[in-house]
Amino acid sequence: MTSTQIINKTIAFVKTQLANAEGGHDWFHIERVYKNTLLIAKNEAVDEFVVQLGALLHDIADSKFHDGDETIGPKKAREFLFNLNVDSKIIEHVIKIIENISFKGGNESQKFKSLELDVVQDADRLDAIGAIGIARCFNYGGFKNREIYNPDIKPNLNMNKEEYKASNAPSINHFYEKLLILKDKMNTNTGKNIATQRHEFMQLYLNQFYNEWNGIS
């Protein structure tokens, strides 16, 4: 089976698996991350097959929707790739990408590093910021029945992984606890350049939000 055939089968598999997913973590999220990955990879010396598979499978079973279980996604991806007879070294690299891509509160040390992970991680983080990032933030907040904003609940910038996963803070807090942090955590020059523009858009949005909240404009 050619790499193109494997990618096409992976796309079909992911679409099926995420058919009823929450709007910020559905197939269209995967598709955007996949496109961002291809864009960033053009300027990086990476294994394109690995980054394609990593992008397509990175959220195949997000732990947020599986009671915090971080093992389901890697297990599903491994079984799927094994059944397609993908080379074992490629499978292991893709699994390492899936296991290490998550933000996890921003205070966890990353246990695995590779240029391929850098590329897919940047692509995923780009989808968490800018106009789409804002839409995803409020979509997930609504899905979890969270407040939009509460001035009495301040952002917590020192959460560990478990505190971050358990947080039910208002959606606006998520800007400060994750979204506005991502610009300075990008790995590649392409990722950094795109993130800078999207970061500025989020700052403009927040200024407008607070003006409207406070009856200024």
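This text goes with the structure placed above it.
Residues numbered from 1 in each chain as written. Predicted model: local features only at pLDDT ≥ 70, side-chain atom pairs only at ≥ 80, totals over all residues. Heavy atoms only, no water.

## Points about helix 6 (residues 115-126)
Our working definition: Helix and strand labels come from DSSP, where a helix needs a run of H or I of at least four residues and a strand needs a run of E of at least two; each type is numbered from the N terminus. For a helix, the expected span equals 1.5 Å multiplied by the number of residues minus one. Three exposure classes are used, based on accessible area relative to the maximum for each residue type with a 1.4 Å probe and protein chains only: buried under 20%, partly exposed in between, and exposed over 50%. The contact criterion used is simple: two residues touch if any of their non-hydrogen atoms lie within 4.5 Å.
Spanning twelve residues, helix 6 covers 17 Å between terminal C-alpha atoms, matching the ideal 16 Å at 1.5 Å per step. Taken across its twelve residues, helix 6 has eleven buried, putting it largely inside the fold. For helix 6, the full list of buried residues reads Glu 116, Leu 117, Asp 118, Val 119, Val 120, Gln 121, Asp 122, Ala 123, Asp 124, Arg 125 and Leu 126. In this structure, the buried residues of helix 6 make contact with helix 2 (27-41), helix 3 (48-57), helix 5 (88-100) and helix 10 (189-213).

## What about the side chain of Asn 150?
Inclusion rule: Residues adjacent in sequence count toward polar contacts only when both atoms are side-chain atoms; beyond that, a polar contact is any pair of N or O atoms within 3.5 Å, and within protein one must be able to donate a hydrogen and the other to accept it.
Here Asn 150 is to be found in the loop between helix 7 (130-143) and helix 8 (161-166). We classify Asn 150 as buried; its relative accessible area is 16%. Within the local environment of Asn 150, its side chain forms a polar contact with the side chain of Glu 147, the two groups lying 3.3 Å apart. Among the polar contacts made by the side chain of Asn 150, one reaches the main-chain amide nitrogen of Asp 152 at a distance of 2.9 Å.

## A closer look at the packing of helix 1 (residues 3-17) against helix 3
What counts, and what does not: Every axis corresponds to a line fitted to the C-alpha atoms, with the helix fit spanning only the stretch in contact, and the corresponding angles, defined between N-to-C directions, vary from 0 to 180 degrees. To sort the angles, those under 35 degrees are grouped as roughly parallel, those over 145 as roughly antiparallel, those from 65 to 115 as roughly perpendicular, and the leftovers as oblique. Under the grouping applied here, Gly and all other residues not named as nonpolar or charged are polar, the nonpolar ones being Ala, Val, Leu, Ile, Met, Phe, Trp, Tyr, Cys and Pro and the charged ones Asp, Glu, Lys and Arg.
Orientation of helix 1 relative to helix 3, taken along the N-to-C sense of each, is 10°, at an axis distance of 10 Å. Viewed along their axes, helix 1 and helix 3 adopt a mutual orientation that is roughly parallel. Contacts between helix 1 and helix 3 pair Ser 3, Ile 6, Ile 7, Thr 10, Ile 11, Phe 13 and Val 14 from the former with Phe 49, Gln 52, Leu 53, Leu 56 and Leu 57 from the latter. Taken together, the residues of the contact of helix 1 with helix 3 sort by class into nine nonpolar, three polar and no charged.

## Thoughts on the packing of aromatic side chains
Put simply, the test is: The rule is short: rings of Phe, Tyr and Trp, with Trp giving its six-membered ring, pair when the centres are within 6.5 Å, and they are stacked under 30 degrees, edge-to-face over 60, tilted in between.
Taken as a whole, this structure holds eleven aromatic pairs when the rule is applied. Residues Phe 13 and Phe 80 carry aromatic rings whose centres are separated by 4.1 Å and whose planes lie at 10° to one another, so their mutual orientation is stacked. Here Phe 80 lies in helix 4 (residues 72-83) and Phe 13 lies in helix 1, a separation of 67 residues in the sequence. Accessibility classification places Phe 13 together with Phe 80 in one group, the buried group. Joined through ring pairs, the aromatic side chains of Phe 138, Tyr 149, Phe 175, Tyr 205, Phe 209, Tyr 210 and Trp 213 make up one cluster.

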